[in-house]
Amino acid sequence: MTEPVAAALRLPRFTAAAVQAAPVYLDTAATVDKAVALVREAAGNGASLVVLPEVFVPGYPYWNWTMNPVQGSPWYERLYRASVDVPGPHVDTLRAAARRAGVVLVIGVNERGPHSLGALYNTLLTIDADGELVGVHRKLVPTWAEKLTWTPGDGSTLRVHRTAVGPLGALACGENTNPLARFTLLAQGELVHAASYIALPVAPEDYDMAEAIALRAAAHCFEGKVFTVVSCSTISPEIVAGIAGEDQQLRRQLSRPRAALSGIFGPDGRAVTDPLVDEEGIVYAEIDLGRCVQPKQMHDIVGHYNRFDVFRLHVDNRPLRPLAFDQHPPKEEE
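Please read all numbers here as calculations on a predicted model, not as lab measurements. (Residues numbered from 1 in each chain as written. Predicted model: local features only at pLDDT ≥ 70, side-chain atom pairs only at ≥ 80, totals over all residues. Heavy atoms only, no water.)

On to helix α4 (residues 89–101), then. Over its 13 residues, α4 runs 18 Å from end to end, which matches the ideal 18 Å to within 8%, given 1.5 Å per residue. The complete set of buried residues in α4 reads Val91, Leu94, Ala96, Ala97 and Ala98. Where α4 is buried, its residues touch α1 (28–44), β3 (104–112), β4 (120–127) and β5 (133–138). Gly102 sits one or two positions beyond α4 and adopts a positive phi of about 70 degrees. (Helix = DSSP H or I, 4+ residues; strand = E, 2+ residues; numbered from the N terminus. Expected span 1.5 Å × (residues − 1). Buried < 20%, exposed > 50% of the residue type's maximum accessible area, 1.4 Å probe, protein only. Contact = heavy atoms within 4.5 Å.)

Below, the structure written as structure tokens:
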């Protein structure tokens, strides 16, 4: 009697969309509406995965780079008031948009901490094609000046999610430089990586943000033999006017070229199609996860091409909370 033939391995093949756009700055409802329209547009062009930028809702705290903390404090309050609750009505709107379009959606939001008026998180939401919120990742380490605004996340949100487009992980901006965070996702079977960024014209003059984004995406793809979908925001004239006012030098700085890049990279580290630099738009590309198989035979850093008897990574995946009550309250005195 012959053994039954094993079921064929089925690796998804789909169209991904990397969105490069500016938020309607600090206007939560309008930015969510814009996100919904971009999801609808991408789905109409055949996309099954749509990735939107870091903290797209309702924008990035550029004042941390251009003002001292006292000057920036009123801006922090504006951002806090415009941020979203997770779960909450704005998240429900995004979930409904993903469900209607039948797409997996990754989008960055400013999330209000549920326990403190001083806690804001740089959060990536992962929503499956049925509208289920499957992932809430809080950026582990706010970068440089961002520490004036965001509270660090914890290891509980470093997760790869089994979605309609395959095993999907996501990191925000500078996290894509952290090899241990990236390895944590790869070791959970990640094959599709969403990398969300913001345009950063306020970096040092010799820093090419577009090149830095491309290098990070290429490195993760080549090392892990995965696909990466990169989505970066742009800076609109309204953002420039709001942050810079009449300061012409700051206006020029905020308008600096090569501050943003969005695109899609394959398991050989190369761009699947030409990326988009600075301008608003959507980059589309076909992703065939079958292309990840053969490169893994050469270098599989989460498998045969590692020495787990030599190297070990321990990740504390406990959610960190400011307060923990005993499970059993003390009995009342008789």
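And the narrative resumes.
Here we come to the sheet that holds strand β7 (residues 166–172). In spatial order, the strands read β6-β7-β8-β9-β10-β11; together these six strands make up an open sheet with mixed pairing. With partners counted over all chains shown, the strands left at the sheet margins are β6 (161–163) and β11 (276–277), one partner each. Sheet contacts for helix α5 (residues 179–186): β7 and β8 (192–197); angle to β7, the most-contacted strand, approximately 165 degrees. (Pairing = 2+ DSSP bridges. Axes fitted to C-alpha atoms, helices over the stretch in contact; angles between N-to-C directions.)

As a further point, take the sheet that holds β3. The strands making up a sheet associate through backbone hydrogen bonding, with each pair oriented either parallel or antiparallel. Taken in spatial order, the six strands make up an open sheet running β5-β4-β3-β2-β1-β12, and their pairing is mixed. Both outer strands of the open sheet, β5 and β12 (281–288), are each paired with one neighbouring strand and no more. Ignoring which end each strand starts from, the neighbouring axes of this sheet average 25 degrees apart. For β4 and β5, the ladder comprises five bridges, and the chain directions are antiparallel. When the sheet's bridge partners are listed, Thr123 is paired in β5 with Arg138. Packing against the sheet, α1 makes contact with β1 (13–20), β2 (49–51), β3 and β12, and its axis sits at approximately 45 degrees to β12. Sheet strands touched by helix α3 (residues 69–82): β3 and β4. Its angle to β3, the strand with the most contacts, is close to 130 degrees.

Time to look at α3. Under the 1.5 Å per step criterion, the end-to-end length of α3 is 19 Å for 14 residues, consistent within 8% with the ideal 20 Å. The largest bend along α3 reaches roughly 25 degrees and is located at Trp75. Among all positions of α3, only Gly72, Trp75, Tyr76, Leu79, Tyr80 and Ala82 are buried. Tucked inside the fold, the buried residues of α3 contact α1, α2 (63–66), β3, β4 and α7 (237–244). The backbone nitrogen of Val70 lies 3.0 Å from a side-chain oxygen of the residue at the head of α3, namely Asn68. (Bend = angle between axes of the 7 residues up to and from the residue. Polar contact = N/O pair within 3.5 Å; in protein donor to acceptor, adjacent residues only side chain to side chain.)

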